Amino acid sequence: QGQLVESGGGLVRPGGSLRLSCVASTNSFRAYPMAWYRQAPGKQREMVASITSGGTTSYVESVKGRFTISRDNGLNAMYLQMSSLKPEDTAVYYCNSVTPRTYWDWGQGTQVTVSS
């Protein structure tokens, strides 16, 4: 299945911004609808944003207007631009297809902490 690697997380203040990146170690994901997921402490993993191979996007209501998902099919990369961050955005963020574990297992994720 190869491996997905997330990066770009960190500690930010409320209202701050962060840009996450995702790359596949092998093969290409340009043919697959992709998504960003997050898992907060004590909670289930949830999909927060998705993007088709053609660039059509969707977002969970809680991040709509604040997060932007994008992809570069040529570079086999995906991104999540996060703005106006809130403490409730604190979570480990993962990338995968919209049908997770079909093509890749979960990666290590990248920690995003929003705190004053």
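Conventions we followed
Residues numbered from 1 in each chain as written. Predicted model: local features only at pLDDT ≥ 70, side-chain atom pairs only at ≥ 80, totals over all residues. Heavy atoms only, no water. Helix = DSSP H or I, 4+ residues; strand = E, 2+ residues; numbered from the N terminus. Buried < 20%, exposed > 50% of the residue type's maximum accessible area, 1.4 Å probe, protein only. Contact = heavy atoms within 4.5 Å. 1 Å grid on protein atoms, 1.4 Å probe; cavity = no way out; pocket = protein on both sides within 12 Å on 5 of 7 lines; lining within 4 Å. Points joined across faces, edges and corners; volume = space filled by probe spheres on them. Nonpolar A, V, L, I, M, F, W, Y, C, P; charged D, E, K, R; others polar. Pairing = 2+ DSSP bridges. Axes fitted to C-alpha atoms, helices over the stretch in contact; angles between N-to-C directions. Salt bridge = Lys/Arg side-chain N within 4 Å of Asp/Glu carboxyl O. Core = buried A, V, L, I, M, F, W, Y, C linked by side-chain atoms within 4.5 Å.

Asker: Help me understand the environment of G8 in this model?
Answerer: Locating G8 in the fold gives a position in the loop between β1 (4-7) and β2 (10-12). According to the relative accessible area criterion, G8 is partly exposed, its value standing at 36%. Considered as a pair, G8 and G109 are 101 residues apart in the sequence and their alpha carbons are 9.8 Å apart. Residues contacting G8, with those up to four places away along its chain left out, are L18, R19, L20 and T110.

Asker: I keep staring at the layout of surface pockets and nothing clicks. Help me out?
Answerer: Gaps between atoms show up when a probe of the same size as a water molecule is rolled over them. Looking at the largest pocket, its volume works out to about 200 Å³. In terms of lining residues, the largest pocket is bounded by 14 residues, among which R38, A40, K43, E46 and E88 are the most central. Split into classes, the residues belonging to the lining of the largest pocket amount to 3 nonpolar, 4 polar and 7 charged.

Asker: I keep staring at the sheet that holds strand β3 (residues 18-24) and nothing clicks. Help me out?
Answerer: Strands sit in the order β1-β3-β8-β7 across an open sheet of 4 strands; the sheet is antiparallel. The sheet terminates laterally at β1 and β7 (67-72), the two strands that pair on one side only. Each strand axis lies, on average, 15° off the axis of its neighbour in the sheet, ignoring direction. With 4 bridges joining them, β1 and β3 adopt antiparallel strand pairing. Each bridged residue has a counterpart across the sheet, and for V5 the counterpart in β3 is V23.

Asker: Help me out: how do you make sense of the pattern of salt bridges in this one?
Answerer: Proximity of charged atoms lets side chains of opposite charge pair with each other. The full count for this structure, using the stated rule, is 4 salt bridges. Across the pair R38 and D89 runs a salt bridge, and its minimum N-O distance is 2.9 Å. Taken as a pair, R38 in strand β4 (residues 34-39) and D89 in the loop between β8 (77-82) and β9 (91-97) lie far apart in primary sequence, 51 residues in all. As far as the burial class goes, R38 and D89 line up, both buried. Among the ionic pairs, D89 bridges to R66, the shortest N-O distance being 2.7 Å.

Asker: Would you take a moment to explain the nonpolar core for this structure?
Answerer: Buried together is how nonpolar side chains tend to be arranged in soluble globular proteins. Residues L20, W36, M78, L80, M82 and Y93 are the most contacted members of the largest nonpolar core, which totals 26 residues. Put simply, the parts of the chain that give this core at least two residues each are β3, β4, β5 (46-51), β7, β8, β9 and β10 (110-114). Per element, the largest residue contribution to this core is 4 residues, and it comes from β3. What L80 contacts, discounting residues up to four positions off in sequence, is L18, R19, L20, W36, A49, F67, T68, I69 and Y93.

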